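# Commentary on secondary and tertiary structure
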Amino acid sequence: MQITSLSAYDAPNNCGNLTHGLHSRQEPLKGSDRARKGVARWVAGVLVGSLCLSTAETAMANNMPLKALANSQLTDKQYLCHNSIVYKESRWNIDAVGNRAGHKQTYGYYQMKSKSIKGKPYDYQFYVYWYYVAYRYGVTKYDEPNYCNALHHLKIRGWQ
């Protein structure tokens, strides 16, 4: 047997605690227009607040895959140096383009000069820079690139 129309008024009076709130919310709002407008304002405020939070969380979430990848691959010291490099080079913008006025532009999180890095995903950029730093600045005793040496080099050259 299928019930085609069921409203909150058809529910039994002795509802359990779990369903009582659900049924009571389906009933029309009793009270003045002022009370209804107050509820509407509250709902609108909650919706706007949640949209603002989700936008901030989305902006932070865009950086999370690269941070999570770096965190899983690096020791704490190298992780901090790595994050400092990325922040200073691109402000965590995967599509960052540097040296726009010059003849040799730089691209991505790490501002690499290779045009092939442009538009590549975060993990591709991470591993290209991983091998570059390991080759150029050496590795630590844990076989990870020495990002702290790379950061030091950037600072003494005045690029950071």
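Residues numbered from 1 in each chain as written. Predicted model: local features only at pLDDT ≥ 70, side-chain atom pairs only at ≥ 80, totals over all residues. Heavy atoms only, no water.

This brings us to the packing of helix α4 (residues 122–137) against helix α5 (residues 147–156). For the pair α4 and α5, interaxial distance at closest approach is 9 Å and the crossing angle is 80°. As far as their axial angle goes, α5 and α4 are roughly perpendicular. Where α4 approaches α5, its residues F126, Y129, W130, V133, R136 and Y137 are matched on the opposing element by Y147, N149, A150 and H153. Looking at side-chain class alone, the contact of α4 with α5 contains 7 nonpolar, 2 polar and 1 charged residues. (Axes fitted to C-alpha atoms, helices over the stretch in contact; angles between N-to-C directions. Helix = DSSP H or I, 4+ residues; strand = E, 2+ residues; numbered from the N terminus. Parallel < 35°, antiparallel > 145°, perpendicular 65-115°, else oblique. Contact = heavy atoms within 4.5 Å. Nonpolar A, V, L, I, M, F, W, Y, C, P; charged D, E, K, R; others polar.)

Moving on, we get to the state of the cysteines. Here, disulfide denotes a covalent bond that connects the sulfur atoms of two cysteines. Applying the stated criterion across every chain yields a total of 1 disulfide. The disulfide that involves C81 links it to C148, with 2.1 Å between the sulfurs. Across the disulfide from C81 to C148, rotation about the S-S bond amounts to roughly 90°, and the bridge is consequently right-handed. One end of the pair, C81, is in helix α3 (residues 76–90); the other, C148, is in helix α5, with 67 residues separating them in the sequence. For the pair shown, C81 and C148 are each scored as buried. (Disulfide = S-S within 2.5 Å. Buried < 20%, exposed > 50% of the residue type's maximum accessible area, 1.4 Å probe, protein only.)

What follows covers the packing of aromatic side chains. Scanning all chains against the criterion turns up 9 aromatic pairs. When the centroid spacing of 4.2 Å and the interplanar angle of 10° are considered together, the rings of Y110 and Y129 count as stacked. Here Y110, found in the loop between β2 (106–107) and α4, pairs with Y129, found in helix α4; they are 19 residues apart in sequence, far enough to count as distant. Each member of the pair, Y110 as well as Y129, carries the same accessibility label: buried. An aromatic cluster is present here, built from W92, Y109, Y110, Y129, Y132, Y137 and Y147 joined pairwise through their rings. (Phe/Tyr/Trp six-rings, centres within 6.5 Å; stacked < 30°, edge-to-face > 60°.)

Turning to its location among the elements, Q111 is positioned in the loop between β2 and α4. Overall, the relative accessible area of 13% leaves Q111 in the buried class. Once residues within four sequence positions are removed from consideration, Q111 is found in contact with E89, S90, A96, V97, G98 and T106. Polar side-chain contacts of Q111 include one of 2.8 Å to the backbone oxygen of G108. (Polar contact = N/O pair within 3.5 Å; in protein donor to acceptor, adjacent residues only side chain to side chain.)

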